[in-house]
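# Descriptive analysis of the structure
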Amino acid sequence: MDNVWNAAEDRRVRKKGGLYFLLVVVVFFIVISVVTREWGNFLLSLPTFVVLIAIVLRGRYLFIPPLLVAIMAAMMILLQLARIGSSDLRFLDVAADFMMGVFMSLIGLIGVYIMLRASPGFDTERSLFVSLTAASVGFSLCTMMVMGDYAMRLVMGDTYGNLVEDLMIQLSIALCGIVFMTGLFYLNRHNGLFVHTLNRFLKENSSGLGIDEQERKKALEDIAGGETNTREFKSTLRTNLQTGEKDPRMEKAVLKTIVAFLNSRGGTLFIGVADDGSVIGIDEDSFESRDRMNLHMNNLIVSQIGSEYLPYINYKLIDFDGKAVMRVDCKKSNTPAFHKEKDKMVFYVRSGPSSIVLEGMQLLYYASHNFPKLPTNSAGNLFEMLKP
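Scope of this entry: the structure provided in the associated data block.

Procedures and definitions
Residues numbered from 1 in each chain as written. Predicted model: local features only at pLDDT ≥ 70, side-chain atom pairs only at ≥ 80, totals over all residues. Heavy atoms only, no water. Buried < 20%, exposed > 50% of the residue type's maximum accessible area, 1.4 Å probe, protein only. Helix = DSSP H or I, 4+ residues; strand = E, 2+ residues; numbered from the N terminus. Pairing = 2+ DSSP bridges. Right-handed = clockwise from strand over helix to strand, strands pointing away. Core = buried A, V, L, I, M, F, W, Y, C linked by side-chain atoms within 4.5 Å. Contact = heavy atoms within 4.5 Å.

## Looking at the pairing of strand 2 (residues 267-271)
Within strand 2, five of the five residues are buried, which leaves the element mostly enclosed by the surrounding structure. Of the two faces of strand 2, both are covered, the one formed by Gly 267, Leu 269 and Ile 271 as well as the one formed by Thr 268 and Phe 270. In this structure, strand 1 (residues 231-234) lies alongside strand 2, joined through four bridges in parallel fashion. Each residue of the ladder has a partner; that of Glu 232, found in strand 2, is Leu 269. Once the chain exits strand 1 it traverses helix 10 (residues 248-263) before rejoining the sheet at strand 2, and the crossover so formed is right-handed.

## Quick look at the nonpolar core
Among the nonpolar cores identified, the biggest contains 50 residues, and Met 75, Met 100, Phe 103, Leu 109 and Leu 198 are the most heavily contacted of them. Contributing elements (two or more residues each) for this core: helix 1 (2-36), helix 2 (39-57), helix 3 (66-84), helix 4 (90-116), helix 6 (127-156), helix 7 (163-187) and helix 8 (192-204). Looking at this core, the element that brings in the most residues is helix 4, giving twelve residues. Leu 198 has contacts with Leu 109, Ile 110, Tyr 113 and Phe 185, leaving out every residue within four places of it along the chain.

## Points about unusual backbone geometry
We note that Asp 321 has phi near 50°; this positive angle belongs to a residue other than glycine. Residue position: Asp 321 is located in the loop between strand 3 (313-320) and strand 4 (323-330).

Pasting the structure below:
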């Protein structure tokens, strides 16, 4: 318990320190923006300052990923340099507007995730929708910033060139940054950039943003619906609750269900929930830490199903009053999935609330009708896959 409290206190201190650091950075840019009359930075910094002050006054602290702060600072520095630079430094304008698009699209992604986080797996099932929405939000923010910049220049009596031409050039370059970032998210949302910006922001602030409560509520609603052809409960990941010992049969039951979901219509597996729907908690005491448990789950999938199926599987822990439930969301696979059991490979599908084995001609018939992307020589290919 002390370790848990110390970890929570350490996170709170890091959030507080990071928030104050960002506050100092924003104040610095507000001052510099006024001195150099760079109103774009001013219009971005001032609302950020107000929001940060409101967070501090309410006694809540958000963790701001250092990489996100670095991207914001880089954008502001480039905008500042472009403002005071000569016409020979036109590339600074281009870089600044491109970075503005990158930063605003990240803000758009964070906004979309906060709004839709209660729908597990939505980022994989509706990745195009998420990308387009984030791009729209990012472009809207860029437009507001650019137009606000010109409005401030008019009010302050600053000179400017061709208003319409400059506006279109800035927004076109910013749009390139938005397309680059949202395209990168659509193609690979689990790469290092998003791990250290979007994912880390959501993970560290999930409680304060209400994401945890949304996920608990959604999970309870699903669990209340009972077991179906797309939903199943397992009490444990690897511990036999009768003997209290590690039992490979428990892991097999979990993997069998995942394979069946992959081969059928997809579905959700809750580990740490009894057959009657009561939340008993996953057996996390049998692991050194939650990271170890997540790593174990990942290794099970890779070694006994295959790493190529990881993009179809999304799992995470949800806390319920001191108990944790692992939610495993599976999408339908484009190719047949098998469970590797010692010297053989077994094909499972869902039949009502159960997972059953298909073999021989049943397997071939099912695969040929449910996997349209399977090569023409399906029988030969499946028999090859079934070899030890």
